[in-house]
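Chain and residue survey
Residue-level listing of the chains:
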Amino acid sequence: MGARLLSLPLILVLTGLFALAMLLPALHALVAEDHSVAQAFFYSSVLGLAGVGMVGLAISGRRTRDNTDLQNLASLFLAYTVLPLYLALPFYEGLETTTLVNAYFEMVSSFTTTGATLFTTPGRLTDSLHLWRGIVGWMGGLVIWIAASAVLAPLNLGGFEVTASAEPGQGRGRDNQRLDRFRRASSSKRLMQVGAQLIPVYVGLTAAVWLMLTVSGDRPLVAVMHAMGVMATSGISPVGGVEGTSSGFAGEAILFLFMLFGLSRLTFSKDTVTSAQASLMNDPEFRIGLALTLGVPLLLFSRHWLGAYEVDEMENISEAVLALWGGMFTVLSFLSTTGFESASWEEARGWSGLGTPGLILLGLALVGGGVATTAGGVKLLRVYALFLAGRREMERLVHPNSMSGAGLTSRRIRREGAFIAWIFFMMFAMSLALIVVILSALGLGFENATVLAISALSTTGPLTQVAASAPIDLSQLGTPAKMVLCASMVLGRLETLAIIALFNPGLWRD
């Protein structure tokens, strides 16, 4: 049954799953006696299931071949661009005081795990509508978790183009043989295999965060939405972030622990397309992520401490600890592109006296998290590849005829991997410049245009509220600017190389 279901186009399967998911906010609204919202979600669910059923029956007898990887990639593109129209219907009908364009923007932002929202006014959205935003973001994170291994990795996209294991014909070791078998398997079989492995992990981790946050004092809706927001790195919150919760420091510590899953695939899976490293601490992505998480706050903290020492105004220990913790939590949050801001971030800013801490957060979001995680950005693996290439070039300046003693994997990443990473970085920079120019032409100031472009391409929506000199009111943007941001969020989620792969002639011949 599962194989037969996955033989249908991926976009059709995703539509059916989201139609079923609409029943959850419908039930929540019914319990809360919000009947108009409950009806909007229930009728949309029935409409979607009926449409998927009819289309599935119509094409089931004509499909004789399995979906190819490029066809699944095209389905992912359609899922991020067309499917949000369907997801926006119950949101639009349930809210009744917004436009369809705004609802579409909200769903694109949630599904791409960006988390930018037009509805920042407290009380504008009911709990059921907040829950729908969280569910869409959570399912969007699950989709990219599974698609990274089952769709992007066989095509050498999404960061896998940098690794040795993602390159066909690299040796005959156990890992490469295992990868070859995985690549030769049918697309449906890969989706089933990866889904069966990752769905229980994703659901279990989310449930664990929900339970711990609830025990720490958060009300159930806030706990489940923050749990979904952390696992999907969407940062979607019904209360504006962790500073509006009741769990306090304990809640932040729980979220900090689970945000580490956004740094490396090896934190939750050792599948065939990730890395040949035997342990987590040997994984370069995780080590770079930890170095940034500890190093950036320590640099800021040292600056604070030296400034206080020079004027003989030594702060008390509790304020110093709060400042250090606020820096660590916020740095990891934006590095993983989650976007939660610590309740102690103000103490960290006051301790440092920095006038523009948003620049630090923009840089962290640009770097991003690990390959094949829900995090966005350039990705830590590409940064590592460029670091290896730069270090080797400096070694050759001193010893031009030296030979590197690194192994096959390091040499592959340092040469071909760094070359591809540099191409991606240049394309990312060009995309960023183009989006800034377009937004500026639409009437936005340079600062706001830059923040919006980075937040969309890195899928870190909360940057719009903390990175600029003043929070950006997205609801005041015109329809063209909102559509540009929607396209930018899709580009940031799928990445430029994947979009280019859609122009492969083989896709259209098939």
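Above this text is the structure in question.
Below is a summary of the structure that appears in this document. (Residues numbered from 1 in each chain as written. Predicted model: local features only at pLDDT ≥ 70, side-chain atom pairs only at ≥ 80, totals over all residues. Heavy atoms only, no water.)

In terms of regular secondary structure, the chain is built from 23 helices and 0 strands. The buried share among the 510 residues of the chain stands at 55%. Long-range pairs, those at least 24 residues apart, make up 72% of the contacts in the chain with a sequence separation of at least 6. Element-wise, carbon and sulfur atoms account for 65% of the exposed surface of the chain, whose accessible area totals about 21900 Å². (Helix = DSSP H or I, 4+ residues; strand = E, 2+ residues; numbered from the N terminus. Buried < 20%, exposed > 50% of the residue type's maximum accessible area, 1.4 Å probe, protein only. Contact = heavy atoms within 4.5 Å. Areas by Shrake-Rupley, 256 points an atom, 1.4 Å probe, with all protein chains shown as cover.)

Bringing helix 14 (residues 317-335) into the picture now. Taking 1.5 Å of rise per residue, the 19 residues of helix 14 would be expected to cover 27 Å, and the 27 Å separating its terminal C-alpha atoms lies within 8% of that figure. Trailing helix 14 by a residue or two, Thr-337 shows a phi angle of about 60°, which is positive. (Expected span 1.5 Å × (residues − 1).)

What follows is about a nonpolar patch on the surface. Together, Leu-17, Leu-20, Leu-23, Phe-42, Tyr-43, Val-46 and Leu-49 make up an exposed nonpolar region whose accessible area comes to about 630 Å². Sorting the residues of the nonpolar patch by element identifies helix 2 (10-21) and helix 4 (35-60) as the ones contributing at least two each. A per-element tally of the nonpolar patch places helix 4 first, with 4 residues. As for its position among the elements, Leu-49 is in helix 4. (Patch = residues over 30% accessible without salt bridge, like charges linked within 9 Å, V, L, I, M, F, W, Y side chains within 5 Å. Salt bridge = Lys/Arg side-chain N within 4 Å of Asp/Glu carboxyl O.)

This part is about the pattern of salt bridges. Taken as a whole, this structure holds 7 salt bridges when the rule is applied. Two residues, Arg-349 and Glu-346, come together in a salt bridge whose shortest N-O distance is 3.4 Å. Of this pair, Arg-349 and Glu-346 both sit in helix 15 (residues 345-352), separated by 3 residues, roughly a single helical turn. A relative accessible area of 29% places Arg-349 in the partly exposed class. Salt bridges sharing common partners tie together Lys-379, Arg-382 and Glu-495.

A few words now on the layout of surface pockets. Of the pockets and cavities examined, the largest pocket occupies roughly 920 Å³. Lining of the largest pocket is provided by 32 residues; of these, Trp-138, Met-139, Leu-142, Ile-199 and Val-203 occupy positions nearest its centre. Breaking the lining of the largest pocket down by element, the ones donating at least two residues are helix 1 (2-6), helix 2, helix 3 (23-31), helix 8 (127-152), helix 10 (187-215) and helix 11 (220-231). For the lining of the largest pocket, the element with the highest residue contribution is helix 10, accounting for 9 residues. (1 Å grid on protein atoms, 1.4 Å probe; cavity = no way out; pocket = protein on both sides within 12 Å on 5 of 7 lines; lining within 4 Å. Points joined across faces, edges and corners; volume = space filled by probe spheres on them.)

Let us now look at the environment of Pro-154. You can see Pro-154 is positioned in the loop between helix 8 and helix 9 (174-184). For Pro-154, a relative accessible area of 9% puts it in the buried group. For the pair Pro-154 and Arg-190, spaced 36 residues apart in the sequence, the C-alpha separation amounts to 9.8 Å.

Take Arg-265: it is sitting in the loop between helix 12 (248-259) and helix 13 (284-310). Residue classification places Arg-265 among the buried residues on the basis of a relative accessible area of 0%. There is a polar contact of 3.2 Å between the side chain of Arg-265 and the backbone oxygen of Trp-145. Side chain to side chain, Arg-265 and Ser-149 meet in a polar contact 2.6 Å long. (Polar contact = N/O pair within 3.5 Å; in protein donor to acceptor, adjacent residues only side chain to side chain.)

To continue, consider the packing of aromatic side chains. Scanning the model with the defined rule gives 13 aromatic pairs in all. The interplanar angle of 35° and the centroid separation of 4.8 Å between the aromatic rings of Tyr-80 and Phe-111 together place this pair among those described as tilted. Residue Tyr-80 is located in helix 5 (residues 69-81), and its partner Phe-111 is located in helix 7 (residues 100-111); the two are separated by 31 residues in the primary sequence. Aromatic side chains Trp-325 and Phe-329 sit 6.0 Å apart centroid to centroid with 45° between the ring planes, which places their arrangement in the tilted category. With Trp-325 and Phe-329 both in helix 14 and 4 residues apart, the pair spans about one turn of that helix. Classification of Trp-325 by relative accessible area gives buried; the value is 12%. Look at Phe-329 and you get buried, because its relative accessible area is 0%. Ring pairing ties together the aromatic residues Phe-249, Phe-256, Trp-325 and Phe-329, which thus form one cluster. Across the ring face of Phe-424, the terminal group of Arg-382 is positioned such that the distance to the ring centre comes to 3.7 Å. (Phe/Tyr/Trp six-rings, centres within 6.5 Å; stacked < 30°, edge-to-face > 60°. Lys NZ or Arg CZ within 6 Å of the ring centre and 35° of its normal.)

On to the environment of Met-259, then. One can find Met-259 in helix 12. Once the C-alpha coordinates of Met-259 and Leu-335 are considered, the two residues, 76 residues apart in sequence, prove to be 9.4 Å apart. Not counting residues within four places of it along the chain, the set of residues in contact with Met-259 comprises Val-230, Phe-329, Leu-332, Ser-333, Ser-336 and Thr-338.

Next up on the list: the packing of helix 2 against helix 8. The geometry of helix 2 relative to helix 8 is characterised by a closest axis approach of 11 Å and an angle of 150° between their N-to-C directions. Classed by the angle they form, the pair helix 2 and helix 8 counts as roughly antiparallel. Both helix 2 and helix 8 take part in a crossing whose hand is right-handed. On the side of helix 2, the interface is formed by Leu-14, Leu-17, Phe-18 and Ala-21, while helix 8 contributes Trp-132, Ile-135, Val-136, Met-139 and Val-143. Taken together, the residues of the contact of helix 2 with helix 8 break down into 9 nonpolar, no polar and no charged. (Axes fitted to C-alpha atoms, helices over the stretch in contact; angles between N-to-C directions. Parallel < 35°, antiparallel > 145°, perpendicular 65-115°, else oblique. Left-handed = near helix turned anticlockwise from the far one by under 90°. Nonpolar A, V, L, I, M, F, W, Y, C, P; charged D, E, K, R; others polar.)

A general feature of soluble globular proteins is that nonpolar side chains tend to end up buried together. Counting 130 residues, the largest nonpolar core has Leu-73, Leu-83, Leu-87, Phe-91 and Trp-132 as the members making the most contacts within it. Among the elements that take part in this core, helix 8 stands out by supplying 16 residues, more than any other. When residues no more than four places from it in sequence are discounted, the contact partners of Leu-87 are Phe-18, Met-22, Met-107, Trp-132 and Val-136. In this structure, Ala-153, Ala-372, Ala-385 and Ile-413 belong to the second largest nonpolar core, which totals 14 residues. (Core = buried A, V, L, I, M, F, W, Y, C linked by side-chain atoms within 4.5 Å.)

A few words now on the side chain of Ser-45. Following the sequence through the fold, Ser-45 ends up in helix 4. Among all residues touching Ser-45, those that are not within four sequence positions of it are Ala-19, Leu-20, Met-22, Leu-23 and Tyr-86.

For helix 4, with 26 residues, the first-to-last C-alpha span of 37 Å sits near the 38 Å given by 1.5 Å per residue. Among all positions of helix 4, only Val-37, Ala-38, Ala-40, Phe-41, Ser-44, Ser-45, Gly-48, Val-52, Gly-56 and Ile-59 are buried. Buried residues belonging to helix 4 abut helix 2, helix 3, helix 6 (83-95) and helix 8.

The topology assignment puts Met-228 in helix 11. With sequence-adjacent residues up to four places away left out, Met-228 is seen in contact with Leu-131, Gly-134, Ile-135, Trp-138, Thr-206 and Ser-234.

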